[in-house]
Amino acid sequence: MSRAITFSEYGPPEVLQLSEVAAPEPGPGQVRIQVRAASVNPLDIKIRSGLMAGTVPDRFPVLPGLDAAGVVDAVGEGAAAAVGDEVLGAAVGGSYGEYALLDRPVAKPEALSWEVAASLVTVGQTAFRVLGQLGVQAGQTLLIHGAGGSVGTVAVQLAVARGVTVVGTAGGHDIERLTALGATAVPYGDGWVERVKAAAPRGVDFVFDASGAGVLADSVALTGDSAHVITIADMSAAQHGVRFSAGSPDQGGEALPELVQLAAAGKLVLPVWRGYPLDQAATAHADIEARRNQGKVVLLP
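Residues numbered from 1 in each chain as written. Predicted model: local features only at pLDDT ≥ 70, side-chain atom pairs only at ≥ 80, totals over all residues. Heavy atoms only, no water.

A.B. asks: How should I be thinking about the overall build of the protein chain in this particular structure?
C.D. replies: For the protein chain, the helix and strand inventory stands at eight helices and 15 strands. What you see for the protein chain is a C-alpha radius of gyration of 19 Å, in line with the 19 Å of a compact globule of 301 residues. Seen through its principal axes, the protein chain has C-alpha atoms that stretch 60 × 40 × 30 Å. Considering the protein chain as a whole, with its 301 residues, one finds that 49% of them fall into the buried category. Put simply, of all contacts in the protein chain between residues at least 6 apart along the chain, 64% involve residues at least 24 apart. Entry remark: accessible area of the protein chain is about 13000 Å², with carbon and sulfur atoms responsible for 50%. With 20 positive and 30 negative side-chain charges, the protein chain shows a spacing of 4 Å between the two charge centroids. (Helix = DSSP H or I, 4+ residues; strand = E, 2+ residues; numbered from the N terminus. Rg over C-alpha atoms; globule rule 2.2 N^0.38 Å. Buried < 20%, exposed > 50% of the residue type's maximum accessible area, 1.4 Å probe, protein only. Contact = heavy atoms within 4.5 Å. Areas by Shrake-Rupley, 256 points an atom, 1.4 Å probe, with all protein chains shown as cover. Lys, Arg positive; Asp, Glu negative; His and termini not counted. Charge placed at Lys NZ, Arg CZ, Asp CG, Glu CD.)

Quick look at the structure:
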């Protein structure tokens, strides 16, 4: 038996409980890891609260969590790692526990902390996927809403590295950090359209909405084409003719080794705000819901 966080009903953070569960057994191609860090993602909170009840078919009790990093302690037939390897990846069947299964483990470089390794998986692959779907090219201008968030932060750096001019809307506490990453950062909120136009006098070619802050109509007007706008956070996308980009936890997994190497080399920075013991998962969720965090939140079993 092992310790894990589970919930048996949808609801507030308090439904998350520390439980005794059977350690998962790896199937063909899988590895089991002793979890050193598990990332807490906004999707975890949506699932726990019941917002995804019509989309994600859960059987209670649910063991949440999409991403993990740790040390391999058991392997299935044909697995791409060996016992003792330090790896990270998308978890199969949840990651908020002492053990997790990975389908496609990626080696963790020594230079990468456990916290960053776990944090990079979903947000890094999401940013990579959306930039590919937009097709933004060097010399073009990309507006990122929610650029100060974890997905936005990765997207800023990937786009800048590709020669894209990036304008990002963000909270005041993120302006200086995003500027240092190569973006032109402007405050979000009332008047953001005028501030973006001033920052990008030649216009905006594409928009990546990672905020879900009701910015789609104005974003379509800025680009002049709804096909040039993608959101990962606004469920009203279809009303504006905008694509909603969603993927399975390991979709875009081919990008993860590249993202890991960039992070290990210091060429991709992902701030981690705080690590919590496993039994404080409810507090971690509450802090994210209250928007107290300024960076990724992780659990440390």
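The discussion continues.
A.B. asks: I tried to follow the packing of aromatic side chains on my own but got confused; where do I start?
C.D. replies: Here a ring pair, both rings aromatic, is described through the centre-centre distance and the interplanar angle of the planes. Counted by the stated rule, this structure contains three aromatic pairs. When the centroid spacing of 6.1 Å and the interplanar angle of 65 degrees are considered together, the rings of F7 and F60 count as edge-to-face. Of this pair, F7 sits in the loop between strand 1 (2–6) and strand 2 (17–21) while F60 sits in the loop between helix 1 (42–49) and strand 4 (67–75), placing them 53 residues apart in sequence. When the centroid spacing of 5.1 Å and the interplanar angle of 70 degrees are considered together, the rings of Y10 and F60 count as edge-to-face. Here Y10, found in the loop between strand 1 and strand 2, pairs with F60, found in the loop between helix 1 and strand 4; they are 50 residues apart in sequence, far enough to count as distant. (Phe/Tyr/Trp six-rings, centres within 6.5 Å; stacked < 30°, edge-to-face > 60°.)

A.B. asks: Explain the environment of A282 here, please?
C.D. replies: For A282, the location among the structural elements is in helix 8 (residues 281–289). On the accessibility criterion, A282 (22% relative accessible area) is partly exposed. In the structure, A282 is positioned 234 residues away from R48 in sequence and 11 Å away in space, judged by C-alpha atoms. Not counting the four nearest positions on each side in its chain, A282 is found in contact with P13, E14 and L16.

A.B. asks: Explanation requested: the pairing of strand 5 (residues 86–92) in the structure shown.
C.D. replies: Two faces, one strand: in a regular strand the side chains alternate between the faces of the sheet. Most of strand 5 sits inside the fold, with five of its seven residues counted as buried. Sheet topology places strand 4 next to strand 5; five bridges connect them, and they run antiparallel. The residue of strand 5 that forms the bridge with G70 is V87. As paired elements, strand 5 and strand 7 (residues 106–107) share two bridges and run antiparallel to each other. In the strand pairing of strand 7, V87 is matched with A107. (Pairing = 2+ DSSP bridges.)

A.B. asks: Would you mind going over the pairing of strand 3 (residues 31–40) with me for this structure?
C.D. replies: The buried fraction of strand 3 is high, at eight of ten residues. Across eight bridges, the pairing between strand 3 and strand 4 is antiparallel. Opposite V31, over in strand 4, you have V75 as the bridge partner. As paired elements, strand 3 and strand 6 (residues 99–102) share four bridges and run antiparallel to each other. Bridge assignment links I33 to a residue of strand 6, and that residue is A100. As judged from the three bridges shared by strand 3 and strand 15 (residues 296–300), these two strands associate in the antiparallel manner. When the sheet's bridge partners are listed, V40 is paired in strand 15 with V297.

A.B. asks: Teacher, can you tell me more about the pattern of salt bridges here?
C.D. replies: When charged atoms on two side chains of opposite charge get close, those side chains can pair. Applying the stated criterion across every chain yields a total of seven salt bridges. Note that R3 and E98 form a salt bridge whose closest N and O atoms lie 3.2 Å from each other. Taken as a pair, R3 in strand 1 and E98 in the loop between strand 5 and strand 6 lie far apart in primary sequence, 95 residues in all. According to the relative accessible area criterion, R3 is partly exposed, its value standing at 29%. (Salt bridge = Lys/Arg side-chain N within 4 Å of Asp/Glu carboxyl O.)

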